[in-house]
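Notes for the structure review
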Amino acid sequence: MKPRFVETFVPPAATFLLTTAAAEFGIRAAGVSPLLLPTPSAVARAALQHAPTLLPALAMTAQAVAIGLALSIALGLLVAIALSTSRWVERAFYPYAIFFQIVPIVAIAPLLVIWFGYGMRAVVAAAFIVSVFPVIANSLAGLLSVDPALRDLFRLYGASGFARLWKLSLPWALPNVLTGLRIAAGLAVIGAIVGEFVGGGGLGVVVLEAMRQQRTDLVFAAVLHAAALGLALFAAVNATSHFALRRWHTQETEP
Amino acid sequence: MSAPEPTAAPTGVAVRVRGACRVFRSAGEADVVAVDGVDLSIAAGEFVAILGPSGCGKSTLLRMIAGLEPLDAGDLGFGAGGGAPKNALAYVFQDAHLLPWRDVLANVALPLELQGRASGERRDAALRAIAAVGLADAAQRHPAQLSGGMRMRVSLARALVTEPRLLLLDEPFAALDEITRQDLDDQLRALWAATGMTVLFVTHSIAEAAFLAERAVVLTRRPARVVLEHALDLPAQRDAALRGDARFAREMSVLYEALRRGNGKAA
Amino acid sequence: MSRLAASKRAVAIGMAALLAIPACGGEDAATRATAGKVALALNWKPEPEFGGLYEAQRMDAFAKRGITLELTGGPGAPVVQMVEAGKVEFGIAAADEVVLARDRGADIVAVFATYQTNPQGIMVHAARGLHSLADVFAAGGTLAVEPGVAYTKFFEKHYDLTKMKIVPYGYSIAPFLGDPTLAQQVFVTAEPIAARRQGADPQVFLIAESGFNPYAAVVITTGARARAETKRLADFVAALREGWRGYLDDPTLANALMGQLNKEMDADTFRLGAAAQQPLIEDAFAKQSGVGAMSLERWATLGRQLQELGLIGAAPAPRDCFVQVETLQSPPEPLR
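This is a predicted model, so every value here is computed, not measured.

1. Structural notes on the overall build of chain A
When its secondary structure is counted, chain A shows 10 helices and 0 strands. Listed N to C, the secondary structure of chain A is α-α-α-α-α-α-α-α-α-α in terms of helices and strands. Projecting the C-alpha coordinates of chain A onto the three principal axes gives extents of approximately 75 × 55 × 30 Å. Sorting the 255 residues of chain A into buried and exposed places 42% on the buried side. In chain A, of all internal contacts separated by at least 6 residues, the share reaching a separation of at least 24 is 79%.

Dropping the structure here:
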C-alpha cells in the first residue's frame, strides 16, 4: 500500500511544486503587472487574506453543486431508463435530452433567475441543466449495452421487466453511469458559477466583485477554489467507482 | 469430481420439432433462411448432440426450442404435447455470461431468484448445484477471480439449479482448453446420468458429439436441414480411454461423412 | 442580457489576455505610435455617454490633429488591463477603477472626466412614494447592482441595508418590470428611459445624492504615456473637447452614427439620453474649466472614501491620479 500511495501522489505533487516555483520566478523576472498576472504567492496571500469571504462562498457553491448533481443523477438515470424501454421512445425523446447539452447556459441563466428568483434555486437549476446530459447519455449507453445472452437468460426464466431492470440492466450500466457522473461533476461546478453570475451568491459573485475591484489575485484565488471543488468531486467519483467496481475486474494476483 | 448420488430425479421431457423454419429478414437486404424445415424427435431423458458446420443455424434451432426465437413455420411440442412445461428449461451459452457484480453463489441462485423462490431454499439449492460441478470452495468468489473453465462450471451449475427437465447447451466448452473440455464433458455426462434430464448439446466438434451423445443429428450448412440422425454405437459408460478406441473412430467417421455431405462436398 | 454574456466573455478574455500579454503588448503600441494611430477601449456599447467621442471622430477633430483613432472594446471588456498591458493607448473607466488600479500597483492616470456628476443611480417604481435613497433602503426589497461596485459598500456604511436582498444586476430591466419592489442600478441615459418606454413609471435617485460621487466615463491612459507624450495627449484631449462641444450643442448626427453601431437603442432613446446627461456633463465647473476637467479636491475625496471603505490600503496622492491637460481655446486649422 505504501509504495502505491507514493506512486499515485508524488508525480502530480512534484509537477505542481515545480510549475508553481517556475511561475513565481518567471512572473517576477518578467515584471508583469499584478493587475495582469499575479504571482502564485500573491494568489496564496489573497486566498488567506480573503478566506472569510472565500470559504463561505465555496460552501455555498458546493451546496448548489451537490444539489444540482443529485438532481442530475436522479432525473438523468430515470430519463435514461425511460429512453431505454423502446426504440420509438428513444427516437422520439432523445433529441430533447440533447437540448440540455447544447443550450448555452450563459444565455439562459437570466431566464432561470426570472423563473426561479435570485438565489440558490436558480443556481441549482443552472448546475443541473449543464450536468444532466452526460448522465443521460452515458447511462443510456450502458443500459442499451446489456449482454444479449444475459437478457435471454432473464427471459428464459420469465423475469419481469422490473426484475430485469433492477437485477441486470442497472448493475450492468453502473460503470457507464459513473463515467457520466465523472463528466457531470466538473460541468456542475461551471454551471453553478455561471448561475451565480446572474443569480447571486457563492464563488461566482466573488469573481465578479474581485474583477470589478481590480483584484486579479483574488480572481485567481476564487477560480482556484472552484477548481478544487471540481477536483474533489472528480476524486470522489473515482473513489466510488474504484470501490463499487473492484470485484468486476480480474485481479493481478490470483490465489 | 465423482458422480453425485441420484436424487429423486425429475424426468426428462420429450421434444418434438416438425418442419421448423426460421427466416431473418432485414430491410434492404436479402432474407436469410437459417433453418429450413427441420424435423426432430427427442425422447424424454435422451442425450442428443446436434452437429453441424459453423454458421449453419444449429444455434438458431436450439434457441427456437428454448423459446428465444420464434418459429416462422412448423411447430414445436413438449412431453405429451403443447408448450414447454413451466420452469423446466435451462440453457447454457457459449460463454459463461455471469453477472460480474455477484459472487458465484448469487450467480448460481439467480434462476431461482427470478422464479420467486425463498432465499433459504435458493441458497441450499445453489450450494448443491455448486457442489455438483465441483466448485464448493469457490462459492464466495467473484467471476473475475475464476478461470475460464471454472466460470463455465458456474454457468453449468446455474443451469442445473432449477433441476431442469430439458437442458440446452450451445457449444459451451468450445472456448476451453482440451483438458478442461474433456473434464467438463465427463462431468456433464455424469450429471445427465444422475438426473435423467433430456440434454440437447449443440457442437461443431465431431469428437465431442460422439463422446457425449446417445444420438447425433447432423445438419447441413445454412439453411439447416437434417442430413443424418445416427444412434451412436458406443457403450453407455464412456471414459477417457474410449477416445482411443476403434469403435469411436468409426462412429466419428460416420458423422464426418454426413457432415461433408451436408456441407455440399462430394463423399 | 448581452452584458452578462460579455461579462462572462470578459472573464475568459481577461484570463486569456493576461497570459498572452507579455508577448504582444509592446509591439502594438510601438508600431501604432509611429503611425499616429491610437486605440481606445470602450467599456460599453456606443451610447450617449460616448457621444463626444463619436462626434469628434465624425467631425475629423482627431484627424485634423494627425491622430487616427481606433475604437475597440465593448461591454465587459477588461479596459484597465488592456491599457496596463499596452494593448490600447486609452480606455474608458470609472474614477474609482483608477484609484483601485493605482493601489494594486498599476500606473494608470485619468486625462478626461466626461461626467462631473456620476450618472449612476438607483431606480425604483414611483408608485412606492419614496423620496430619497434612505427611503429606498428603509423600505426593503431586492437591490440589483453590479457585484463589486464601490458605491454599494458606501451605501452599506452610510445607510442601513439590512433589509435589502442584494443580487447581481443582469443588465436587463425585465426583473424590474416584473417586480414592483425591486430597486436596481441604472445609468440615467439608459434604463430609466427604456423602463418608461415599456410602460413603467420609474423614479431615479442618483448615487451622488449619498455623497459618493466619483467621475464617470473617465478616459484613462498609463502614467508613462502621459508623461512622455504630452503633445500627443494635449491634441487628443483637445479633439475630445471639441467633439463634446459639438455633441452638447447638437447630438443628432453623432446619435445617428452610434445608432448604426448599436441597434439595440432607438433614435428616440438616444435623443432622450443625450438630453438627460447634459447637466451631468456640463455643470458650473465644466463651464469654467472645460468639459472633462478635473479637480484635486474630487480625487482627494474619492481616495479618502475608498480608503475608509477598506477597498484600498492608503489613499493615493490626488496629484498622481490624473493629468490636467490644458488645451487651446481656439481649434487648430482645418485639414486641407
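2. Let's talk about the overall build of chain C
In terms of helices and strands, chain C carries 16 helices and 10 strands. The burial tally for chain C puts 52% of its 336 residues in the buried class. The long-range share in chain C, meaning contacts at least 24 apart out of those at least 6 apart in sequence, stands at 79%.

3. Here's the deal with the interface of chain B and chain A
With 14 residues of chain B in contact, the opposing surface of chain A contributes 19 residues. Only β5 (89-92) and α2 (104-114) of chain B provide two or more residues apiece to the side of chain B that touches chain A. Split into classes, the residues belonging to the side of chain B that touches chain A amount to 10 nonpolar, 4 polar and no charged.

4. Quick notes on helix α1 (residues 2-30) of chain A
The end-to-end C-alpha separation of α1(A) is 41 Å, in line with the 42 Å expected for 29 residues at 1.5 Å each. α1(A) sits mainly on the outside: 1 of its 29 residues count as buried.

5. A closer look at the interface of chain C and chain A
Between chain C and chain A, the residue contacts involve 32 residues of the former and 27 residues of the latter. Among the elements that take part in the side of chain C that touches chain A, helix α1 (residues 2-35) of chain C stands out by supplying 9 residues, more than any other. Taken together, the residues of the side of chain C that touches chain A sort by class into 20 nonpolar, 7 polar and 5 charged.

6. With respect to the confidence of the model for chain C
Residues and elements named next belong to chain C. Of the residues in chain C, 87% have a pLDDT of 70 or more, and the chain-wide mean is 88. Of the regions scoring below 50 in pLDDT, residues 18-27 engages in 12 contacts with residues more than four places distant in sequence or in other chains. Scored as a whole, the predicted complex attains pTM 0.84, and scored at its interfaces, ipTM 0.90.

7. Quick word on helix α7 (residues 246-262) of chain B
Residue and element names in this part refer to chain B. If you check α7, its first and last C-alpha atoms are 24 Å apart, about what 17 residues at 1.5 Å a residue would give, namely 24 Å. Within α7, burial applies to E251, L255, A258, L259 and G262. On an axial view of α7, the arc spanned by its buried residues comes to 105 degrees, and they lie on one face. Across from the buried face of α7, at angles greater than 90 degrees, the exposed residues are A246, R250 and S253. Buried residues belonging to α7 abut β3 (47-51), α6 (206-212), β8 (215-219) and β9 (226-231).

8. Section: the arrangement of the chains
Across the 2 pairs of chains that are in contact, the largest number of contacts falls between chains A and C. Separating chain B from chain C is a minimum C-alpha gap of 45 Å, and the two share no contact.

9. Some points on the nonpolar core
The biggest cluster of nonpolar side chains holds 175 residues, and the ones touching the most others in it are A:A126, A:A127, C:A110, C:V111 and C:V218. Both domains that meet at this core, namely domain 1 (2-116 + 214-321) and domain 2 (120-210) of chain C, each give it at least three residues. Residues in contact with C:V218, not counting those within four places in the same chain, are C:I92, C:A93, C:A94, C:A95, C:V98, C:A110, C:F112, C:A113 and C:T114. Listed in part, the 82 residues of the second largest apolar core include B:V38, B:V161, B:A209 and B:L255.

10. Topic: the domain arrangement of chain C
All names here are of chain C. Partitioning chain C into domains gives domain 1 (2-116 + 214-321) and domain 2 (120-210). Contacts between domain 1 and domain 2 engage 16 residues on the former and 12 residues on the latter. Listing elements by their share of the side of domain 1 that touches domain 2, those giving two or more residues are α1, α13 (267-281) and α15 (296-308). In terms of residue count, α13 provides more of the side of domain 1 that touches domain 2 than any other element does, 5 residues in total.

11. Considering the pairing of strand β8 (residues 183-187) of chain C
All names here are of chain C. Counting buried positions along β8 gives 4 out of 5 residues, so the element sits mostly inside the fold. Relative to β8, strand β5 (residues 120-125) runs antiparallel, the two being bridged by 4 bridges. Bridge assignment links Q120 to a residue of β8, and that residue is F187. Here strand β6 (residues 141-145) runs beside β8; their pairing, made up of 2 bridges, is parallel. By the bridge assignment for β8, L143 is matched with A183.

12. A word on unusual backbone geometry
Phi is mostly negative for residues that are not glycine, and the peptide bonds are mostly trans. A cis amide bond links B:R222 to the next residue, B:P223, at an omega of 0 degrees. Checked against the element boundaries, B:P223 lands in the loop between β8 and β9. A positive phi angle, near 55 degrees, is found at A:Q214, a position not held by glycine. Position of A:Q214 among the secondary structure elements: in the loop between α9 (202-212) and α10 (216-245). In the Ramachandran plot, B:H97 falls in the positive-phi region, its phi being about 50 degrees despite a non-glycine side chain.

13. Considerations on the sheet that holds β8(C)
Residue and element names in this part refer to chain C. Pairing is mixed across the open sheet formed by 5 strands, whose spatial order is β7-β6-β8-β5-β9. In the strand order of this sheet, the two ends are held by β7 (164-168) and β9 (202-206), each with one partner. When strand polarity is set aside, the average angle formed by the axes of neighbouring strands in this sheet is 35 degrees. As defined by bridge partners, β5 adjoins β9 across 5 bridges and the pair is classed as antiparallel. Its bridge partner lying in β9, M123 is registered against V204.

14. Here's the deal with the environment of C:E55
Residues and elements named next belong to chain C. Looking at where E55 falls in the secondary structure, it is placed in helix α2 (residues 51-58). Taking the number of C-beta atoms within 10 Å as the measure of exposure, E55 has 27 and is therefore buried. Separated by 66 residues in the primary sequence, E55 and G121 place their C-alpha atoms 26 Å from one another. In this structure, E55 is in contact with G243, G246, Y247 and A254, ignoring residues within four places of it in sequence.

15. Focus on the sheet that holds β8(B)
Residues and elements named next belong to chain B. Ordered by their spatial adjacency, 6 strands build an open sheet running β5-β6-β7-β3-β8-β9, and the pairing between neighbours is mixed. At either margin of the open sheet sits one strand with a lone partner, and together these are β5 and β9. Averaged over all adjacent pairs, the angle separating strand axes in this sheet is 15 degrees, with direction ignored. Pairing between β8 and β9: 5 bridges, direction antiparallel. Across the sheet, the residue bridging to L219 is V226, located in β9.

16. A closer look at the environment of C:G259
For C:G259, the position within the fold is in helix α12 (residues 252-261). The residues contacting C:G259, other than those within four sequence positions of it, are C:M265, C:A267 and C:F270.

The rules behind each value
- Residues numbered from 1 in each chain as written.
- Chains lettered and ligands numbered in written order.
- Predicted model: local features only at pLDDT ≥ 70, side-chain atom pairs only at ≥ 80, totals over all residues.
- Helix = DSSP H or I, 4+ residues; strand = E, 2+ residues; numbered from the N terminus.
- Buried ≥ 20, exposed ≤ 12 C-beta atoms within 10 Å, placed from the backbone.
- Contact = placed C-beta atoms within 7 Å.
- Nonpolar A, V, L, I, M, F, W, Y, C, P; charged D, E, K, R; others polar.
- Expected span 1.5 Å × (residues − 1).
- pLDDT = per-residue confidence, 0-100.
- Arc of directions from axis to C-beta.
- Core = buried A, V, L, I, M, F, W, Y, C linked by C-beta atoms within 7 Å.
- Domains from an automatic or database assignment.
- Pairing = 2+ DSSP bridges.
- Axes fitted to C-alpha atoms, helices over the stretch in contact; angles between N-to-C directions.

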